[in-house]
Amino acid sequence: MREFDYRRADDVPGAVALLGADPEARYLGGGTNLVDLMKTGVERPVRLVDVRELPLNRIESTGNGGLHIGATVTNSDLAAHPEVRRRYPALPQAVLAGASGQLRNMATVGGNLLQRTRCGYFTDVTQPCNKRDPGSGCPAVEGEHHNHAILGASEHCVAVHPSDMGVALTAFDAVVTYRTTDGPGELPIADFYLPVGDSPHRETALPQGALVTGVTLPPAPTAAHSRYRKVRERASYAFAIGSIAAALDVRNGVVREARLAFGAVASRPWRARAAERVLTGAPAGADHFTAAADAELAAARPLPGNAYKMTLMRNLVVAVLSELAEETAR
């Protein structure tokens with residue numbers, strides 16, 4: 001690990017000023033991802049700006065009935081918050097599925113959104129990787145890719161985004177708030193993560209030097225009937241090989257509203273818009289749930305080693321939606 005400068009920020013404007021426009025400086029929250037990447041040489045910041053003590057650690061109701069979650073709220077506090085559990089149950093379920101209690105006590109909401117892929121080629125600095133070293137290639141396309149993307153990938157990168165929390169936030173149309181030297185700004189989460197395209201090293205639409213200050217969840221009555229389901233390769237904590245955040249409103253056996261987002265299938269949390277369109281106005285039954293999954297997966301381009309995700313995600317959609325439909329019918 002090379003030497004770096006360390007500063008602790010006292011307030012949000014001070015944090016932004018300390019980082020400045022230096023592309024080699026980084027904000028430090030819980031450090032559960034960044035420090036690991038520094039140890040392996042993937043991240044080599046010249047300066048760390050510690051933002052853990054900033055006054056961004058509250059969860060508050062908004063005037064229109066939503067919730068605002070500060071960026072330094074820990075994953076543990078988010079998962080335990082009674083209003084989050086009541087209004088958006090898939091979100092704490094996603095957080096609890098994501099990591100052990102020790103990690104949740106350290107990890108922050110802002111850091112979770114900005115965590116980087118766990119692709120083995122990305123984390124191994126002896127290997128080429130377009131995300132780490134633009135233009136060097138993507139060996140995963142021909143190499144080890146069993147847990148890589150089937151949706152939205154390109155020849156330049158097939159890695160997946162690792163966040164569980166981000167999948168639930170995507171289903172609920174969260175808005176990411178941030179601060180730069182020019183003042184505050186916000187990005188809908190649908191625009192926050194960039195398509196992989198030919199520039200996989202550009203992962204978010206945040207301006208250079210921007211500090212994530214929080215996430216706002218708009219009011220969503222349907223979100224109260226939501227669920228997060230994660231499939232992993234071992235029973236202990238592990239990154240997903242497929243996941244889904246879903247919310248369903250069923251009236252008289254017909255789907256009035258559906259929200260779906262997939263995880264571990266794309267370079268960003270994947271909002272399943274095609275599936276939602278098929279579901280809305282259709283009978284709440286397994287046949288239509290399967291049709292919805294197939295509509296979303298029609299755009300998938302699996303690689304030889306990850307084609308199993310097609311079946312996995314289809315089964316996840318049907319299972320989770322069937323459970324939600326049964327609950328809402330009670």
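Caption draft 1: Spotlight on the environment of L56. On the secondary structure map, L56 appears in the loop between β3 (47–50) and β4 (59–61). Owing to a relative accessible area of 12%, L56 belongs among the buried residues under this scheme. In sequence terms L56 and V12 are 44 residues apart; their C-alpha atoms lie 8.8 Å from each other. Those residues in contact with L56 that sit more than four places away from it in its chain are V12, G70, A71, T72, V73, V212 and T213.

Caption draft 2: Spatial organisation of the pattern of salt bridges. Applying the stated criterion across every chain yields a total of 22 salt bridges. One salt bridge in this structure joins R7 and D5, with 3.0 Å as the shortest N-O distance. Here R7 falls in the partly exposed class, since its relative accessible area comes to 39%. Assessed through its relative accessible area of 27%, D5 is described here as partly exposed. Here E276 and R271 are joined by a salt bridge, their closest N and O atoms 2.7 Å apart. Of the residues examined, E276 reaches a relative accessible area of 8% and is grouped as buried.

Caption draft 3: Focus on the nonpolar core. Formed by 52 residues in total, the largest nonpolar core has its most connected members in L78, L91, L169 and F172. Excluding residues within four positions of it along the chain, L91 makes contact with I69, L78, V84, M165, A168, L169, F172 and L217. With 32 residues, the next largest nonpolar core counts L151, A266, A292 and L316 among its residues.

Caption draft 4: Quick peek at the packing of aromatic side chains. Summed over all chains, the structure comprises 2 aromatic pairs. Ring centres 5.5 Å apart and planes at 55° place the aromatic pair Y88 and F172 in the tilted group. Linking Y88 in the loop between α4 (82–87) and α5 (90–98) with F172 in the loop between α9 (165–171) and β6 (175–180), this pair joins segments that are 84 residues apart in sequence. Here Y88 and F172 have matching classes, each one buried. Aromatic side chains F192 and Y193 sit 4.9 Å apart centroid to centroid with 80° between the ring planes, which places their arrangement in the edge-to-face category. This pair shows no difference in class: F192 is buried, exactly as Y193 is.

Caption draft 5: Examining the layout of surface pockets more closely. Volume-wise, the second largest pocket comes out at about 370 Å³. Across the lining of the second largest pocket, the residue classes tally to 12 nonpolar, 9 polar and 5 charged.

Caption draft 6: Spotlight on the packing of helix α12 (residues 286–297) against helix α13 (residues 308–328). Taken N-terminus to C-terminus, the directions of α12 and α13 make an angle of 140°; their axes are 9 Å apart at the nearest point. With respect to α13, the axis of α12 lies oblique. Crossing angle aside, the handedness with which α12 passes α13 is right-handed. Together, A286, F289, T290, A293, D294 and L297 of α12 and M310, M313, R314, V317, V318, L321, S322 and A325 of α13 make up the contact between the two elements.

Caption draft 7: Looking closely at the sheet that holds strand β9 (residues 226–231). Overall, antiparallel pairing links the 4 strands, which are arranged β9-β10-β11-β12 in an open sheet. Either end of the sheet is taken by a strand with one partner, and the two such strands are β9 and β12 (270–271). Pairing analysis gives 9 bridges linking strand β10 (residues 242–251) to strand β11 (residues 254–263), with the strands arranged antiparallel. In the sheet register, V250 faces β11, and the bridge partner there is V255. α13 contacts β9, β10 and β11 of the sheet and is inclined by roughly 35° relative to β10.

Caption draft 8: Main features of empty space enclosed by the protein. All told, the structure shown has 1 cavity of 30 Å³ or more when counted by the stated rule. By volume, the largest cavity is sized at about 80 Å³. Taken together, 15 residues form the lining of the largest cavity, with C119, C129, N130, C138 and C157 sitting closest to its centre.

Caption draft 9: Just the sheet that holds strand β7 (residues 183–188), in detail. Read from one edge to the other, the open sheet built from 5 strands follows the order β4-β5-β8-β6-β7, with strand pairing classed as antiparallel. Of all strands in the sheet, those bounded by a partner on one side alone are β4 and β7. Across the sheet, the axes of successive neighbouring strands diverge by a mean angle of 25°, strand direction being ignored.

Rules used throughout
Residues numbered from 1 in each chain as written. Predicted model: local features only at pLDDT ≥ 70, side-chain atom pairs only at ≥ 80, totals over all residues. Heavy atoms only, no water. Helix = DSSP H or I, 4+ residues; strand = E, 2+ residues; numbered from the N terminus. Buried < 20%, exposed > 50% of the residue type's maximum accessible area, 1.4 Å probe, protein only. Contact = heavy atoms within 4.5 Å. Salt bridge = Lys/Arg side-chain N within 4 Å of Asp/Glu carboxyl O. Core = buried A, V, L, I, M, F, W, Y, C linked by side-chain atoms within 4.5 Å. Phe/Tyr/Trp six-rings, centres within 6.5 Å; stacked < 30°, edge-to-face > 60°. 1 Å grid on protein atoms, 1.4 Å probe; cavity = no way out; pocket = protein on both sides within 12 Å on 5 of 7 lines; lining within 4 Å. Points joined across faces, edges and corners; volume = space filled by probe spheres on them. Nonpolar A, V, L, I, M, F, W, Y, C, P; charged D, E, K, R; others polar. Axes fitted to C-alpha atoms, helices over the stretch in contact; angles between N-to-C directions. Parallel < 35°, antiparallel > 145°, perpendicular 65-115°, else oblique. Left-handed = near helix turned anticlockwise from the far one by under 90°. Pairing = 2+ DSSP bridges.

Coordinates in, geometry out; function isn't part of it.
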